[in-house]
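# Coordinates in review
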Amino acid sequence: MTKPLPIGIQSFEKLITGGFLYVDKTRDIYRMITEGVAYFLSRPRRFGKSLLISTLEAIFQGKRELFNGLWIDGSDYVWNAHPVIRIDFSQFRVTSPDELRQNLMERIQELAKANGLICDTGDYQKRFRDLIIQLSSQGQVVVLVDEYDKPIMDNIGNVETATRIRDVLKGFYEVLKGLDEYLRFVFLTGVSKFSKVGVFSGLNHLKDITLDMRFGALLGMTQEEVESCFPEYLNIFSQNAGMSVPELIAKIRHWYDGFCFSKAGVHIYNPFSLLMLLDMQDFRNYWFETGTPTFLIRLIRSQKYDVRELEDLQVNELAFSSYEIDHLDVLPILVQTGYLTIKGYDSTRRLYTLDYPNFEVRESFVKYLIDEFSPVRKEVADAHVWQMIDAMRAGDMNRFFEVLQIFFAGIPYDIQIRQERYYQTVFYLIFKLMGLQAGVEVRTSRGRMDAVVELEEGIFLFEFKLGGDAQTALTQIHERGYADPFAEQNKPVHLIGAVFGTEGQGIVDWKMEGMS
C-alpha cells in the first residue's frame, strides 16, 4: 500500500507514527550532529526547515524507535537523551520589541514549567540563561531555533521597528555566548541571512552551512530521491496524464527542479511544490502561491533594479553575503528567498551563475513584476499575452499592438519621461511571459534587437524607440544587420519597428516589412 504524502506535516513524530512517506535525510543529519556543535542554515520558505528542526529534536530526545529502518538507526550514533529548548519564531506575532520580549519570556516560562523548573525572575535574557543552566542538570542542552528572522521580516517595511526588534533578538542570542559547557548542540534556521554583527553578535562559533556542499541536499529532494521514493505516485500520475513516466518526469523537472545551494551543482526540488503536484496531479504554481513577494517586488522598484539582469547573471560570492535592515540589497535577498539560485560555478574565475530555479518561479515572478510595473493585473496578464500570440500567428499586427498598448496605458507620464528604461522593463517582461506561456523562442538583448519571437508561422524581429518614427526603427534593423542571422530560415521573417510617444501616449506608430 502506498504511504500517504506528508503535506503540511512539520512534526517528525507525527509523520512517522502516522505512516506517512519520509525521504530519509538522516545520513546528512548524522554528519552534522557528530562533526559540529553550532550551525546556521538559511533556506527559502516551504523547504522543510521546521521538519528538520523536529527531526533533530526527536534524535536528541533519544526517540530511537521513531527512526527504525532509517539510515541513522543502523549507524554508530549514541542515542543519549538531552534536554531540548525549541523556539519557533513563526508562532510569534510581534509588531514591537516589547511584544517580542513578552513572547520570549512566555515561551521560556512554558519550557521551564514543562521541565519542572522555575525561571520567572529578571528580563528575557536572564530567564533564558537560567533555563539553560538549570536544564543542564539533566544533561547538556540542545537549542533549536526555527525561523529566527521572522520577527524582523514581519516588520521589515518599518526600518526603525525592525531594527529595535533585531536588537532584542541579538540580546537573546548573546545569552548562548559563554555557555559552551552547558550546550550539546545549537541550530538556527531561517530564510534571510542578516549579518552576524547585527543579530548573532558573539556567536563566532556558529557555522554557516547554507552553501556547504556537504549539506546541499539536506533539505529538498534530489532527482534520485524523487524517482526512488515516489514510484507509485509517478506511475498513477503518468497514466492519468496520458504520458510515459520519463515524459512526466521531464515535465516535472522543468516546472519544479533546479534549486541549488552549493558549488557542487546538486539540483533540488522544493518539497512543497513536489508533494502538492503528486497529490493534486495538476501542474500549478504551488510554492509561489503560498506567499507573494510583495516586499521584494517593491524593493526592486524602489532601488530601480534592472530586472533584465536577473537571468544568467554572473556574480562573486558577495551575492550571497549577509545584509542589514537599513541596507537591504536586492540580489542577496533574491538568492536567499529562492527566487534566484545557483546554476553554475566557474572555479577558475570564482564566479557563480545565477538564474531563476525553474518554470514555476520564473513565470510567477514575471507576472508579479508585470503587476507592479504596468497597469495590467497578474490575474489577466496571461489572457492578454495569448491574445498577442494569436494575433501574431494570424498575421494581425493591428490587433497585436492594440493588446500591447494595454500594458502601457495608465503608466504615469512623469515616470515614462524620467525613465526611458521603464518602457524597456515592461516591454521585456511582456515578451518574457509570452515565451514562457507559448513555449516559443523569445530572445531579448540589451545591446542588439529589442526582441526576437520565433513561431512556427514566422520569425518576428522587434525594435522599439522612444520618440521618432517607426521607419527609423526599421532602418536601424537594416543598418545594424539584426536580421542577418535569420536569412537562411525556412520561414517568413518579419521586421517590426515601433515608437513610444514622448508625452505618455504609449505606442504611437509602428511599421512592419518582410525581410528582403
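The structure presented is a predicted model; accordingly, all values stated were derived computationally and were not measured.

## What to know about the overall build of the protein
If you tally the helices and strands in the protein, you get 20 helices and 13 strands. Viewed in the frame of its principal axes, the protein has a C-alpha envelope of about 85 × 55 × 45 Å. For the protein, the residues scored as buried account for 55% of the 516 residues in total. Look at the contacts in the protein between residues 6 or more apart in sequence, and 68% of them connect residues 24 or more apart.

## Remarks on the packing of aromatic side chains
In total, this model carries 41 aromatic pairs according to the counting rule given. Plain terms: the ring middles of tyrosine 77 and tryptophan 79 are 5.1 Å apart, the flat faces sit at 90° to each other, and that makes the pair edge-to-face. Judged by relative accessible area, tyrosine 77 falls into the buried class, the value being 9%. Here the aromatic rings of phenylalanine 172 and tyrosine 173 are separated by 5.6 Å at their centres, their planes lie at 65°, and the arrangement is edge-to-face.

## What to know about unusual backbone geometry
Leaving glycine out, the prevailing phi sign among residues is negative, and the prevailing peptide bond configuration is trans. Even without a glycine there, the phi angle at arginine 46 is positive, about 60°. Here arginine 46 shows up in the loop between β1 (38–42) and α3 (49–60). The phi dihedral of lysine 304 falls on the positive side, at around 55°, and the residue is not glycine. Position of lysine 304 relative to the elements: it lies in the loop between α13 (294–302) and β6 (313–315).

## As for the sheet that holds strand β7 (residues 341–346)
In spatial order, the strands read β6-β8-β7; together these 3 strands make up an open sheet with antiparallel pairing. Single-partner strands in this sheet number two, and they are β6 and β7. Recorded for the sheet is a direction-independent mean angle of 30° between the axes of neighbouring strands. Note: β7 against strand β8 (residues 351–355), 5 bridges, orientation antiparallel.

## Remarks on the nonpolar core
By size, the foremost hydrophobic cluster in this structure holds 172 residues, and its most contacted members are Phe365, Phe400 and Phe462. Of the residues forming this core, the biggest block, 12 residues, is contributed by helix α19 (residues 420–438). Among the nonpolar cores identified, the runner-up in size contains 11 residues, and Met449, Leu461, Ile477 and Phe486 belong to it.

## Details of the sheet that holds strand β2 (residues 84–88)
Strands sit in the order β2-β3-β4-β1-β5 across an open sheet of 5 strands; the sheet is parallel. The sheet is open, and its two edges are formed by β2 and β5 (207–208), each paired on a single side. With 2 bridges joining them, β1 and β5 adopt parallel strand pairing. Among the inter-strand pairings, tyrosine 39 is bridged to a residue of β5, identified as lysine 207. Together, β1, β2, β3 (141–146) and β4 (183–190) form the strand contacts of α3, whose direction differs from that of β4 by roughly 170°. Running over the sheet, helix α5 (residues 124–135) touches β2, β3 and β4 and is turned about 150° from β2.

## Looking at the environment of aspartate 257
Turning to its location among the elements, aspartate 257 is positioned in the loop between α10 (245–256) and α11 (271–280). Exposure remark for aspartate 257: the relative accessible area of 6% places this residue in the buried category. For the pair aspartate 257 and threonine 222, spaced 35 residues apart in sequence, the C-alpha separation works out to 8.4 Å. Apart from residues no more than four positions distant in its own chain, aspartate 257 is found in contact with Gln223, Ile252, His267, Ile268, Tyr269, Pro357 and Asn358.

## Concerning the pattern of salt bridges
Within this structure, the stated rule accounts for 26 salt bridges. For glutamate 372, the salt bridge identified is with arginine 301, shortest N-O distance 3.4 Å. You can see glutamate 372 sitting in helix α15 (residues 359–373) and its partner arginine 301 sitting in helix α13, a full 71 residues away along the chain. The class for glutamate 372 is partly exposed, based on a relative accessible area of 21%. A residue is classified by how much of its surface remains accessible, and arginine 301, at 27% relative accessible area, is partly exposed. Of the charged contacts, one joins glutamate 379 and lysine 378 as a salt bridge, the two residues approaching to 3.6 Å between their closest N and O atoms.

## Brief notes about α13
Looking only at α13, the buried set comprises Leu296, Ile297, Leu299 and Ile300. Along the axis of α13, the buried residues cluster in a sector spanning 160°; they form a single face. Away from its buried face by more than 90 degrees, α13 exposes Arg298 and Ser302. Residues of α13 that are buried sit in contact with α14 (330–336) and α15. Of the residues trailing α13, lysine 304 is marked for its positive phi of about 55°.

Procedures and definitions
Counting starts from 1 at the beginning of each chain's written sequence and moves along it residue by residue. Reporting of local features is limited, given that this is a predicted model, to residues whose pLDDT is at least 70; pairs of side-chain atoms are given and counted only at 80 or more, and all residues count toward the totals for whole chains, interfaces and linings. As a rule here, side-chain values come from all non-hydrogen atoms in the structure, and water together with hydrogens is ignored. Elements are defined by DSSP. Helices are runs of H or I of four residues or more, strands are runs of E of two residues or more, and each kind is numbered from the N terminus. Exposure classes here rest on a 1.4 Å probe applied to the protein chains alone. A residue is buried below 20% of its type maximum, exposed above 50%, and partly exposed in between. It only takes one pair of heavy atoms within 4.5 Å for two residues to be counted as in contact. Two rings belonging to Phe, Tyr or Trp (six-membered ring only in the last case) form a pair when the distance between their centres is within 6.5 Å. Interplanar angles under 30 degrees mark stacking, angles over 60 mark edge-to-face geometry, and anything in between is tilted. When DSSP locates at least two bridges between a pair of strands, those strands are taken to pair. The angle between two axes is taken between their N-to-C directions and runs from 0 to 180 degrees, where each axis is a line fitted to C-alpha atoms and a helix contributes only its stretch in contact. Within this scheme, the nonpolar core is defined by two criteria: the residues are buried Ala, Val, Leu, Ile, Met, Phe, Trp, Tyr or Cys, and they are joined through side-chain atoms within 4.5 Å. Any carboxyl oxygen of Asp or Glu within 4 Å of a side-chain nitrogen of Lys or Arg constitutes a salt bridge here. The arc in question is traced by the directions running from the helix axis to the C-beta atoms.

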